[in-house]
Amino acid sequence: MLDTNIAESQAPGALELDPFAFHPGAVSRIAGLGGTGPAPTPEYVFHTPYVEAAAGKAIFHVQFHGLTAKSGTLVLRVHMLPMEPGGRSRMVNSQRVALNRLAHLGGEIAISFEGYHDVVFGLLAIISGDTDAAATGVTVTLDRPADPTQRPAQGAEARGTAYGKTPLTPAPSLLSTDVPTLANPVSQIATTGQLRESIAGGWMSRLRPQGKAGVEHWRKVYTLQVLRRYGMLEHGAVGLGFEPSPSGVPAALAAMQTRVVAAFPARPGYPLNPDTLKQDLRGRAPCDERAFEENIIARIASWRNIPEDLVNFDFLWSSHANERLYSVAAAAQFVENAMRCLRPGGLAVHTMSYDLAPGGRSTPSSERVLLQQNDVERLGLVLVSRGHEVAQFKFSTADAILADGAKHGVARRTMVGLIARKARLPD
């Protein structure tokens, strides 16, 4: 699984790691450690961020402070993860020790592994069996972190995407009053006319969404059509999806042999286990078992502070960022930050709730959830100023699909789609 945080590369010498960076705030199985939030598993003790190690033998050193225990077994596992999107982690070493013995030895234990270039390593600790273990603290260090001065850094600017050669349609103006179509999508408002197009029916057969056609149906078919229209749905392309809850989009993409990392935000009552999250995606769209298993990875990831390892994707999509982040301003920052996840030339498609009130509202964007036309214009201009391309915005709302809440007098709202392509590398 790809549920990681990756620490910055450091020069040789002992590197101290935050033992709880992987699941910040989660309570540890050893009393006195970790936070107070739910643990990913009942056995969880700690999980470090993933870091690069220098080539050759490397060692994680663990020191439990004030450790006391009469029962239970500590299990340490070193996991290795390729530094590319869609890579899968695997265990490269493990070690077990009785906690009462570890307490007798002063709480100190080490585990070694072989370091390689272009991969990162993390240390996971769990407890097997019942335990009464308690400690006042824990320190984890890596004795041979990578030296970034010894070789070129690998990062999001390593190379451009090999997909999506179709350019965004040039336009004399960023804004247009033309009627939006699904067949040739740009940044546009959700309309009932788009769902009546024949191409929408084709996507519906791939998604098989439940319920009456509405904005949720539109945002899914719009997202998939944008990715197809601009050349991203090719075998081997790797995408990143930010969705507030499981939908059929990841499985539909996997069925077309594109690889997907689905990044869900943490929220109360939501499973933190990536395997459980992945199961929630199963059966939401037609996809054979092999394609589903090979092409989908699920994880929890912050949308406010996007993990640094989520880079080098060919495309990404998001849904309801303004509602999930509770303001237009935060959603705009998310859209800008998400461009770092893409390879040069990579494509982003975002769908967010949109205010249909004439003239918009004067409330500041930091205190509003619904986007208005000027918010979309401003965000497009910011992206363009950073060197990215933005698809023309068709803001005609005459045939807009009303969201469910709007039908009950809450607000006249629909959804809007925004398409942007990351700045390409110079020829």
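Calculation criteria
Residues numbered from 1 in each chain as written. Predicted model: local features only at pLDDT ≥ 70, side-chain atom pairs only at ≥ 80, totals over all residues. Heavy atoms only, no water. Helix = DSSP H or I, 4+ residues; strand = E, 2+ residues; numbered from the N terminus. Buried < 20%, exposed > 50% of the residue type's maximum accessible area, 1.4 Å probe, protein only. Contact = heavy atoms within 4.5 Å. Areas by Shrake-Rupley, 256 points an atom, 1.4 Å probe, with all protein chains shown as cover. Expected span 1.5 Å × (residues − 1). Salt bridge = Lys/Arg side-chain N within 4 Å of Asp/Glu carboxyl O. Core = buried A, V, L, I, M, F, W, Y, C linked by side-chain atoms within 4.5 Å. Pairing = 2+ DSSP bridges. Axes fitted to C-alpha atoms, helices over the stretch in contact; angles between N-to-C directions.

## A look at the overall build of the protein chain
Right, so step 1: Secondary structure assignment for the protein chain yields ten helices and 18 strands.
Right, so step 2: Relative to its 427 residues, the protein chain shows a buried fraction of 54%.
Right, so step 3: At a minimum sequence separation of 6, the contacts of the protein chain that also span at least 24 residues come to 76%.
Right, so step 4: Element-wise, carbon and sulfur atoms account for 51% of the exposed surface of the protein chain, whose accessible area totals about 18200 Å².

## What to know about helix H4 (residues 215–229)
Right, so step 1: If you check H4, its first and last C-alpha atoms are 20 Å apart, about what 15 residues at 1.5 Å a residue would give, namely 21 Å.
Right, so step 2: Burial analysis of H4 places twelve of its 15 residues in the buried class, which makes it a mostly covered element.
Right, so step 3: Of all the residues in H4, the buried ones are Val215, His217, Trp218, Arg219, Lys220, Val221, Tyr222, Thr223, Leu224, Gln225, Val226 and Leu227.
Right, so step 4: At the C-terminal side of H4, Gly231 shows a positive phi close to 80°.

## Notes on the pattern of salt bridges
Right, so step 1: Throughout the structure, instances matching the rule amount to eleven salt bridges.
Right, so step 2: For Glu294, the salt bridge identified is with Arg290, shortest N-O distance 3.0 Å. Highlighted residues: Glu294 and Arg290, both in helix H7 (residues 289–295), separated by four residues, approximately one helical turn.
Right, so step 3: For Glu294, a relative accessible area of 40% corresponds to the partly exposed category.
Right, so step 4: Taken together, the shared-partner salt bridges in this structure form one network comprising Lys278, Arg282, Glu289 and Glu293.

## Some words on the nonpolar core
Right, so step 1: Counting 48 residues, the largest nonpolar core has Leu224, Leu227, Leu253, Phe264, Phe315, Leu347 and Ile419 as its most contacted members.
Right, so step 2: The element that contributes the greatest number of residues to this core is H4, accounting for seven residues.
Right, so step 3: Core analysis: the next-biggest nonpolar cluster, separate from the first, contains 38 residues, Ala330, Met339, Leu379 and Val390 among them.

## Re the pairing of strand E13 (residues 296–300)
Right, so step 1: Of all five residues making up E13, five are buried, and the element is well covered by its neighbours.
Right, so step 2: Of the two faces of E13, the one carrying Ile296, Ala298 and Ile300 and the one carrying Ile297 and Arg299 are both buried.
Right, so step 3: Summarising the sheet, strand E12 (residues 259–264) and E13 pair through five bridges and their orientation is parallel. In the strand pairing of E13, Val261 is matched with Ile297.

## Regarding the environment of Gln188
Right, so step 1: The residue Gln188 is located in strand E10 (residues 187–189) in this model.
Right, so step 2: Gln188 has contacts with Pro180, Thr181, Leu182, Gln194, Trp218, Tyr222, Phe393, Lys394, Met415, Val416 and Gly417, leaving out every residue within four places of it along the chain.

## Here we look at the sheet that holds strand E2 (residues 44–47)
Right, so step 1: Strand order in this open sheet of four strands is E2-E7-E4-E5, and the pairing throughout is antiparallel. Every interior strand has two partners, whereas the edge strands, E2 and strand E5 (90–98), have only one. On average, adjacent strands in this sheet sit at an angle of 15° to one another, irrespective of strand direction.
Right, so step 2: Bridging between strand E4 (residues 73–82) and strand E7 (residues 119–128) involves ten bridges; their strand directions are antiparallel. Counted as the bridge partner of Thr73 is Ser128 from E7.

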